[in-house]
Amino acid sequence: MWHYHPDLLATPVPRYTSFPTAAEFGDQVGPRDMESALDSVGADQSISLYLHVPYCHEICWYCGCNTGAANRTSRVAAYLIRLGEEIDLVAARLGGRGRVTRIAWGGGSPNAIAPEDFDALMDRIAHAFRCDDPVVSIEVDPRGFDWNWAAALKRNRVGRVSLGVQTFAPHVQAAIGRIQPIEDIACVVGKLRAANVSSINFDLMYGLPGQSIADLDATLDEAIAMHPDRLAVFGYAHVPHLLPRQRRIDESALPDAATRFEQARMAHAKLVGAGYQAIGFDHFAKPGDEIARAARAGMLHRNFQGFTEDQSQVLIGLGASAISAFPGWLLQNEKNAGRYHLRVGNGAFATARGLRRSAQDRGIGTAIEQLLCRGRADLSALTGTREIRDRLAPFEQRGLVAWDGNRLSITDGLPYTRAIAATLDPYRAHSAVRFSNAV
């Protein structure tokens with residue numbers, strides 16, 4: 001049962017794809033930190049790579065990604081040269097240490113580049129790093145996906161693809177600047193299956209302008225009929241103070257908080273009823289999918305791509321704005337493409353923001369990840385548990401959490417997971433950063 005307690009959802013909170021969150025990043029770190037972080041990688045340690053392509057053929061109004069229009073061939077070509085050079089920089093610093101077990105492409109829209117450029121960069125990775133038969137995934141904009149791209153995915157043994165679907169309702173698509181008929185999505189799914197892609201994910205959204213509960217219900221029906229292996233159902237984060245492109249969205253048409261909650265509740269019930277396993281609080285997967293098996297085994301994790309079965313403790317981000325995660329560091333590249341070009345072109349790492357994680361940060365991060373991924377966490381190692389208990393009292397009084405000594409469990413509070421996790425976050429009490437809705 002999902003019970004609506006608006007007072008517990010009144011404060012916007014982070015999505016906690018890292019801890020500390022990007023809101024705490026500062027300029028106290030730089031290229032030397034990246035050097036130290038790479039030097040800390042063990043000889044046989046598992047490594048995940050993330051490559052960021054900050055370009056799209058069309059810019060959607062809702063999008064929170066670091067991306068721009070791919071309307072100048074020379075600009076995209078120059079960026080890809082620098083991305084290749086950064087691959088070589090990182091590989092040279094590692095000196096053969098570490099094993100690449102995962103490669104993820106995101107953006108933007110990676111298929112905004114030419115398939116041949118994708119081939120070339122994948123080949124460069126294979127020659128630069130020790131690759132241990134890596135799992136390869138990519139985010140795709142269905143509007144720019146053709147048979148040439150399908151062939152490239154097959155050549156490079158891409159096993160997982162995430163499609164930006166968002167909604168099938170035409171009037172909602174128009175309201176967010178993303179027109180893509182349902183027939184186009186179905187055609188892309190067919191191409192992906194023909195390319196031997198074994199796991200297809202649909203990204204869907206609720207809380208969109210003009211989107212009714214009936215609109216979301218119909219979108220879910222249409223999505224289920226295409227049999228995606230995974231679905232991620234996100235609440236739209238309207239933060240026009242941070243993302244000027246969102247000012248094109250009619251704020252008065254956004255669903256209110258109660259409607260957003262009902263949309264999230266209905267999506268969860270619908271997908272579970274259709275046979276999907278709930279993963280965390282906003283992901284769903286067929287029971288045989290690897291992420292579903294990891295969740296059942298207590299091996300689910302969370303990183304900058306969301307919930308994942310990836311067990312690597314080292315994630316190296318490549319490209320403008322990409323974030324790297326090491327046990328002792330969170331390091332983000334220059335967001336500005338020009339400054340990124342200058343750094344890498346001069347043979348230096350592009351690290352510009354981030355932080356060094358203290359032992360306390362790592363402990364809190366582990367507890368938050370456990371809450372988000374498993375619904376329970378042992379807080380014995382944390383300081384300030386009395387204050388955490390006080391902040392959680394309203395949740396406990398409503399039966400949403402329970403304590404067993406210092407072990408905290410989310411009992412009937414799935415939609416409140418992020419708000420519950422935020423009570424462990426000491427940075428939130430002093431931060432003026434505005435986040436998205438808790439649901």
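Refer to the structure above for everything that follows.
Just so it is clear, the model here is predicted, and its values are computed rather than measured. (Residues numbered from 1 in each chain as written. Predicted model: local features only at pLDDT ≥ 70, side-chain atom pairs only at ≥ 80, totals over all residues. Heavy atoms only, no water.)

A.B. asks: What is the right way to read the sheet that holds strand β19 (residues 407-410) from this model?
C.D. replies: Backbone hydrogen bonds are what pair the strands of a sheet, in a parallel or an antiparallel way. Spatially, 3 strands are ordered β17-β19-β18 in an open sheet, and the strand pairing comes out antiparallel. Each of the sheet's edge strands pairs with one partner strand only, and the pair in question is β17 (376-378) and β18 (401-404). Taken over all neighbouring pairs, the strand axes of this sheet differ in orientation by 15 degrees on average, direction set aside. Here β17 runs beside β19; their pairing, made up of 3 bridges, is antiparallel. Each residue of the ladder has a partner; that of A377, found in β19, is L408. Those strands touched by helix α12 (residues 385-397) are β18 and β19, and its axis lies near 130 degrees from that of β18. (Pairing = 2+ DSSP bridges. Helix = DSSP H or I, 4+ residues; strand = E, 2+ residues; numbered from the N terminus. Axes fitted to C-alpha atoms, helices over the stretch in contact; angles between N-to-C directions. Contact = heavy atoms within 4.5 Å.)

A.B. asks: Looking at this model, I keep getting lost on the packing of helix α3 (residues 115-128) against helix α4 (residues 147-155). Mind explaining?
C.D. replies: Any two packed helices are characterised by how steeply their axes cross, that is the angle between the axes, and by the distance between the axes. Where α3 contacts α4, the two axes come as close as 9 Å, and the packing angle between them is 15 degrees. One finds that α3 runs roughly parallel with respect to α4. As for how α3 packs across α4, the hand of that crossing is right-handed. Contacts between α3 and α4 involve P115, F118 and D119 from the first element and N148, W149, A152, L153 and R155 from the second. (Parallel < 35°, antiparallel > 145°, perpendicular 65-115°, else oblique. Left-handed = near helix turned anticlockwise from the far one by under 90°.)

A.B. asks: When you look at the pattern of salt bridges in this model, what are you seeing that I'm missing?
C.D. replies: Think of it this way: side chains of opposite charge can pair up when their charged atoms draw near. Evaluation of the coordinates by the stated rule reveals 30 salt bridges. Ionic pairing is found between E290 and R102, a salt bridge with its closest N-O pair at 3.8 Å. With a gap of 188 residues between them, E290 in helix α9 (residues 290-296) and R102 in strand β4 (residues 99-107) connect regions that are remote in the sequence. With a relative accessible area of 33%, E290 lands in the partly exposed category. R102 sits in the buried class, given a relative accessible area of 14%. Where E334 meets R343, a salt bridge forms, and the shortest distance between an N and an O atom there is 3.6 Å. A network of salt bridges, in which partner residues are shared, links R102, R160, R230, D289, E290, E309 and D310. (Salt bridge = Lys/Arg side-chain N within 4 Å of Asp/Glu carboxyl O. Buried < 20%, exposed > 50% of the residue type's maximum accessible area, 1.4 Å probe, protein only.)

A.B. asks: Even after reading the chapter, I still don't get the side chain of S46, so can you show me in this structure?
C.D. replies: With respect to the helices and strands, S46 occurs in strand β1 (residues 46-53). One polar contact links S46 to T101, side chain to side chain, over a distance of 2.8 Å. A distance of 2.5 Å separates polar atoms of two side chains, one belonging to S46 and the other to S312. Setting aside anything within four residues of it in sequence, one finds S46 in contact with R99, T101, S312 and V314. (Polar contact = N/O pair within 3.5 Å; in protein donor to acceptor, adjacent residues only side chain to side chain.)

A.B. asks: For this particular structure, what's the right way to read the pairing of β4?
C.D. replies: Note on strand geometry: in a regular strand, side chains alternate between the two faces of the sheet. Here β4 lies mainly inside the structure; 9 of its 9 residues are buried. Sheet analysis places β1 next to β4, joined by 8 bridges and oriented parallel. Across the sheet, the residue bridging to Y50 is A104, located in β4. By the bridge criterion, 5 bridges tie β4 to strand β5 (residues 131-140) in an arrangement that is parallel. Considered in β5, the bridge of R102 is made with V135. Running through α3, the crossover from β4 to the neighbouring parallel element β5 is right-handed. (Right-handed = clockwise from strand over helix to strand, strands pointing away.)

A.B. asks: Whenever I open this one, unusual backbone geometry confuses me. Can you help?
C.D. replies: Among all residues save glycine, negative phi is the norm, and among peptide bonds the norm is trans. Cis geometry marks the peptide bond from F19 to P20, where omega comes out at -10 degrees. With respect to the element layout, P20 can be found in the segment before α1 (31-39). Cis geometry is adopted by the peptide bond preceding G108, which originates at G107 and carries an omega value of 20 degrees. Tracing the sequence through the fold places G108 in the loop between β4 and α3. For R157, which is not glycine, the phi torsion reads 55 degrees and is therefore positive. Tracing the backbone through its elements, the reader meets R157 in the loop between α4 and β6 (160-166). On the basis of relative accessible area, R157 is assigned to the exposed category, the value being 62%.

A.B. asks: Would you explain empty space enclosed by the protein in this entry?
C.D. replies: By rolling a water-sized probe across the atoms, one finds the places where empty space is left. Under the counting rule described, the total for this entry stands at 1 cavity of 30 Å³ or more. Taken as a whole, the largest cavity holds about 220 Å³ of empty space. Around the largest cavity, the lining is made up of 21 residues, and of these Y206, V233, A264, F281 and D282 lie nearest the centre. Among the elements of the structure, β8 (230-235), α8 (257-273) and α13 (417-422) are those that each provide at least two residues to the lining of the largest cavity. When residues of the lining of the largest cavity are assigned to their parent elements, the largest contribution, 4 residues, is made by α8. The class makeup of the residues in the lining of the largest cavity is 12 nonpolar, 5 polar and 4 charged. (1 Å grid on protein atoms, 1.4 Å probe; cavity = no way out; pocket = protein on both sides within 12 Å on 5 of 7 lines; lining within 4 Å. Points joined across faces, edges and corners; volume = space filled by probe spheres on them. Nonpolar A, V, L, I, M, F, W, Y, C, P; charged D, E, K, R; others polar.)

A.B. asks: I tried to follow the packing of aromatic side chains on my own but got confused; where do I start?
C.D. replies: The geometry of two aromatic rings is summed up by the distance between their centres and the angle between their planes. One pass over the full model with this rule turns up 10 aromatic pairs. Judged by centre distance (5.1 Å) and plane angle (45 degrees), the rings of F118 and W149 are tilted. Of the two residues, F118 is situated in helix α3 and W149 in helix α4; the sequence distance between them amounts to 31 residues. Of the residues examined, F118 reaches a relative accessible area of 0% and is grouped as buried. In this structure W149 comes out as buried when scored by relative accessible area, which is 2%. Summarising the aromatic geometry, the rings of F261 and Y416 are spaced 6.1 Å apart at their centres and angled 50 degrees between planes, so their arrangement reads as tilted. (Phe/Tyr/Trp six-rings, centres within 6.5 Å; stacked < 30°, edge-to-face > 60°.)

A.B. asks: How should the state of the cysteines be read in this particular structure?
C.D. replies: Throughout the structure, instances matching the rule amount to 0 disulfides. Not part of a disulfide, C56 finds its nearest cysteine sulfur in C63, a span of 6.1 Å. You can see C187 has no disulfide; the closest cysteine sulfur is in C60, sitting 19 Å from it. (Disulfide = S-S within 2.5 Å.)

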